[in-house]
Amino acid sequence: MSFMEPQNSEIEFGRRLFFDTRLSVNGTKSCASCHDPRLAFTDGYRRSTGAFADEHRHNSPSLINLSTYRSLNWNAPYTTNLTKHMDAPLFGTSPIEMGAATESRQIISLLEKDEIYKRMYQQLYGSFDEQVWDKIKEAIAAFVQTLEFRNSAYDRFVKGDGSAMSKEAAQG
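Residues numbered from 1 in each chain as written. Predicted model: local features only at pLDDT ≥ 70, side-chain atom pairs only at ≥ 80, totals over all residues. Heavy atoms only, no water.

Chemist: Hey, could you run me through the nonpolar core in this one?
Modeler: What tends to happen in soluble globular proteins is that the nonpolar side chains get buried as a cluster. Counting 32 residues, the largest nonpolar core has L17, F18, L23, W133, I136, I140 and V144 as the members making the most contacts within it. The set of elements that each furnish at least two residues to this core consists of α1 (9-18), α2 (31-34), α5 (104-113), α6 (115-125) and α7 (132-144). It is α7 that provides the largest number of residues to this core, a total of 9 residues. Once you skip the residues sitting within four places of it in the chain, F18 turns out to touch S30, C31, A32, H35, F41, L63, I140, F143 and V144. (Core = buried A, V, L, I, M, F, W, Y, C linked by side-chain atoms within 4.5 Å. Buried < 20%, exposed > 50% of the residue type's maximum accessible area, 1.4 Å probe, protein only. Helix = DSSP H or I, 4+ residues; strand = E, 2+ residues; numbered from the N terminus. Contact = heavy atoms within 4.5 Å.)

Chemist: I would appreciate a short explanation of the environment of L66 in the present structure.
Modeler: Tracing the chain through its elements places L66 in the loop between α2 and α3 (82-85). We classify L66 as buried; its relative accessible area is 10%. Residues L66 and Q145, 79 residues apart in the sequence, show an inter-C-alpha distance of 6.6 Å.

Chemist: Can you walk me through the packing of α5 against α7 in this structure?
Modeler: Helix packing for two helices is described by the angle between their axes and how far apart those axes are. Orientation of α5 relative to α7, taken along the N-to-C sense of each, is 65°, at an axis distance of 11 Å. Comparing their axes, α7 and α5 come out roughly perpendicular. Pair α5 / α7 crosses with left-handed handedness. Contacts between α5 and α7 involve S104, I107, I108 and L111 from the former and V132, W133 and I136 from the latter. Here the residues of the contact of α5 with α7 sort into 6 nonpolar, 1 polar and no charged. (Axes fitted to C-alpha atoms, helices over the stretch in contact; angles between N-to-C directions. Parallel < 35°, antiparallel > 145°, perpendicular 65-115°, else oblique. Left-handed = near helix turned anticlockwise from the far one by under 90°. Nonpolar A, V, L, I, M, F, W, Y, C, P; charged D, E, K, R; others polar.)

Chemist: Hey, could you run me through the packing of aromatic side chains in this one?
Modeler: Aromatic ring pairs are described here by two measures, namely the spacing of the ring centres and the angle between the planes. Taken as a whole and assessed by the stated rule, the structure comprises 10 aromatic pairs. When the ring of F18 is compared with that of F41, the centres are 6.3 Å apart and the planes differ by 55°; the resulting orientation is tilted. Placement of the pair is F18 in helix α1 and F41 in the loop between α2 and α3, with a sequence separation of 23 residues. As far as burial versus exposure is concerned, F18 and F41 are alike and both buried. Among the aromatic residues, those joined into a ring-pair cluster are F13, Y117, Y121, Y125 and F128. (Phe/Tyr/Trp six-rings, centres within 6.5 Å; stacked < 30°, edge-to-face > 60°.)

Chemist: How do you make sense of the pattern of salt bridges when you look at a structure like this?
Modeler: This model, assessed by the stated rule, comprises 10 salt bridges. Salt-bridge contacts for R47 lead to E55; the nearest nitrogen and oxygen are separated by 3.1 Å. On the basis of relative accessibility, which here comes to 53%, the residue E55 falls in the exposed class. For D129, the salt bridge identified is with K135, shortest N-O distance 2.9 Å. For D129, a relative accessible area of 26% translates into the label partly exposed. K135 gets classed as buried once you look at its relative accessible area, which sits at 14%. Each member of the salt-bridge network shares a partner with another, and the members are E12, R15 and R16. (Salt bridge = Lys/Arg side-chain N within 4 Å of Asp/Glu carboxyl O.)

Chemist: Help me understand the side chain of K135 in this model?
Modeler: You can see K135 is positioned in helix α7. With sequence-adjacent residues up to four places away left out, K135 is seen in contact with Y121, Y125 and D129.

Chemist: Even after reading the chapter, I still don't get the side chain of D43, so can you show me in this structure?
Modeler: Among the structural elements, D43 can be located in the loop between α2 and α3. Within the buried set, D43 has no salt-bridge partner at all; the shortest N-O distance to an opposite charge, 6.2 Å, is to K29. A polar contact is formed between the side chain of D43 and the backbone nitrogen of Y45, at a distance of 3.0 Å. A polar contact of 3.4 Å, which involves the side chain of D43, links it to the side chain of S60. Ignoring sequence-local partners within four residues, the contact set of D43 consists of S33, C34, S48 and S60. (Lys, Arg positive; Asp, Glu negative; His and termini not counted. Polar contact = N/O pair within 3.5 Å; in protein donor to acceptor, adjacent residues only side chain to side chain.)

Structure representation (structure tokens):
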């Protein structure tokens, strides 16, 4: 499945949110800023930067095949729930990634004024309420979980297609 083929309206809502810079404190970052589809859903840097361009201690891992991961964070291996994990990049303050904690209500106001978001949200959940951030994270998680790519030459080789890779590649 490709990430550009949403299966339902929650996934489509999550896809839109994933690419929306309005989720950051200053409108400079989206989830896709650090998980760019053109870079295998990473940012391509050794050390990622946050909304204020400060360099972090880590880079952004790929989101491809995330459903197969046992842990979502090498630094906190107990992190296994994607919606809870999003609290760190969205609302964390040390380091600030998207910085939504200080402008949480203003960010929601921007989304409420967007007619497409307003329509999608109402169709999925009803009116905006105090759990809007939980629902936003659920929608983004629904989209991220569609990023399954298991048809590489390696994948086909492992599944028994001996011709999928050259002899040299198969030997490593």
